[in-house]
Amino acid sequence: MLGEENVRPRFSPYVFRIACAMSVTKSSKETDPAKDAETRPDQKLRAVSGSSTIQPEKMKRRRSHARDFVLAGLILLVGLPTLLGSLYFGLLASDRYVSTAKIVVKTDNSAGASSEFAAILGLGKTTSEETELLAEYIQSTTMALDLDRLVGLRQLWSNDDIDLLSRLANDASNEEYFDYYLSRVSVETSKGDSVVSMHVQAFNPENARLILGTIIEQSQIVLEDIFEEKRRDAITFAEGELAKAEDRLASVQTRLEEFRHDHNEIDPIGSATQVGQIAGGIETNLAQQRSQLGAMLSYMQEDNPAVFAQRALIASLERQLEFERSRLVNRETSDYSELVGSYQNLLVEQGFAEAAYTAALGFLTTTRQDLQRRHAYLINLSPPTLPDEA
């Protein structure tokens, strides 16, 4: 025992540590198939199954990348604009003040005898048309240009004190100015009661009320112009109807004069009446003479000279009566029956023309009187407000 212990070599601690280190290095260099497959999963998958199925760990990494991408997209699309908007409206944006007003369109309808004519001409109690026209005018380029001319609206909205994104560009074209105007001025109408509601935005309270007050003043002027145009149209229409009636009456009178000249008769009806009276007188006289002849034959012979004379008188009266009757009813010549018929037609037409002329003249007179009593105006239900808060 003691001999064997003496034969066993002795190693110093330093040599022992070096030997252990070399052993560990050698073992790490040896290839372990299982461990190598774990460190290279793609080779293991190809070696074991040959399948292209993605491992759960890789799927988890892809899902994580997708979530990161969506989150980044939300931040860019929602978060960043919200942040920028909050910074702009909270720190940079100029305050906007809104002045509001309500007006109602009214017409003075103290109508006279021609109220039914005024209703036909669009001048009745209905003001919905005027309300719509007024709303269209407020939102028109004409109003925008009028406001620029009256209160310098471009300058009010392009002041350097207004933030860059809110103000109107100094070199804005008329189209850009009008688009900006529509974004700052809004109008609402109520068809039932002809109320017009208006809202005007500006960058200080006084300007908002000034702009809206000027809009109402110009609206009153335009409303009066619209009503005045309707007056002119109504008068023009009435005068046109009177001119037509005058032309018709003059035409009939001209034809009557030509008729009288062509037939040499002032009044064919009067002449025919006279002819009829003459024929009636002759017929009465003829009856008397025939009665007298009968009495003479009661005590005289046929060859008596007095009987011959009486028969000659009766024959003369019969010829005269036939002539007078032929003047009234003779179909071969232009007799009184044709003259009277044509003349009566002309007289009837003249009567209608005179009635139409009288009606047109009355229509013009009463329309003028009625329009003098009619006016259109605006009532301020709610005057332009001076806003206290933006």
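Keep in mind that what you see is a predicted model, and the values were worked out from it rather than measured.

### A few points about the overall build of the chain
Argument step 1. Scanning the chain for helices and strands turns up 14 helices and four strands.
Argument step 2. Taken over 390 residues, the chain has a buried fraction of 29%.
Argument step 3. In the chain, once contacts between residues fewer than 6 apart in sequence are set aside, the share between residues at least 24 apart is 76%.
Argument step 4. Here the chain has roughly 25,700 Å² of accessible surface; of this, 55% comes from carbon and sulfur atoms.

### Regarding the sheet that holds strand β2 (residues 185-190)
As a general point, the strands of a sheet are linked pairwise by backbone hydrogen bonds and lie either parallel or antiparallel.
Argument step 1. Strands sit in the order β2-β3-β1-β4 across an open sheet of four strands; the sheet is antiparallel. Both edges of this open sheet fall to β2 and β4 (376-382), since each of them pairs with a single strand only. Each neighbouring strand pair of the sheet contributes to a mean axis angle of 25°, computed without reference to strand direction.
Argument step 2. The pairing of strand β1 (residues 97-107) with β4 spans six bridges and is classified as antiparallel. Note that in β4 the partner of Thr-107 across the bridge is Ala-376.
Argument step 3. Strands β1, β2, β3 (195-202) and β4 of the sheet are contacted by helix α7 (residues 128-138), whose axis makes an angle of about 175° with β2.
Argument step 4. Seen against the sheet, helix α10 (residues 174-184) touches β2 and β3 and runs at an angle of roughly 55° to β2.

### Overview of the packing of aromatic side chains
Argument step 1. Under the counting rule described, the total for this entry stands at four aromatic pairs.
Argument step 2. For the pair Trp-157 and Tyr-181, a centre-to-centre distance of 6.3 Å together with 50° between the ring planes defines the contact as tilted. Of this pair, Trp-157 sits in helix α9 (residues 153-157) while Tyr-181 sits in helix α10, placing them 24 residues apart in sequence. For the pair formed by Trp-157 and Tyr-181, the shared burial category is buried.
Argument step 3. By way of ring pairs, the aromatic residues Trp-157, Phe-178, Tyr-180 and Tyr-181 are connected into one cluster.
Argument step 4. The ring of Tyr-177 has Arg-154 sitting right over it, with the charged end atom 4.4 Å from the ring centre.

### Section: the packing of helix α8 (residues 141-151) against helix α11 (residues 205-263)
Think of two packed helices as two axes; the pair is described by the angle between the axes and how far apart they sit.
Argument step 1. Where α8 meets α11, the closest approach of the two axes is 10 Å, and the angle between their N-to-C directions is 115°. Crossing hand, α8 versus α11: right-handed. Of the residues in α11, those touching α8 at Met-143, Asp-146, Leu-147, Arg-149, Leu-150 and Val-151 are Leu-210, Ile-211, Thr-214, Ile-215, Gln-218 and Ser-219.
Argument step 2. Per-class residue counts for the contact of α8 with α11 are seven nonpolar, three polar and two charged.

Reading guide: rules and limits
Residues numbered from 1 in each chain as written. Predicted model: local features only at pLDDT ≥ 70, side-chain atom pairs only at ≥ 80, totals over all residues. Heavy atoms only, no water. Helix = DSSP H or I, 4+ residues; strand = E, 2+ residues; numbered from the N terminus. Buried < 20%, exposed > 50% of the residue type's maximum accessible area, 1.4 Å probe, protein only. Contact = heavy atoms within 4.5 Å. Areas by Shrake-Rupley, 256 points an atom, 1.4 Å probe, with all protein chains shown as cover. Pairing = 2+ DSSP bridges. Axes fitted to C-alpha atoms, helices over the stretch in contact; angles between N-to-C directions. Phe/Tyr/Trp six-rings, centres within 6.5 Å; stacked < 30°, edge-to-face > 60°. Lys NZ or Arg CZ within 6 Å of the ring centre and 35° of its normal. Left-handed = near helix turned anticlockwise from the far one by under 90°. Nonpolar A, V, L, I, M, F, W, Y, C, P; charged D, E, K, R; others polar.

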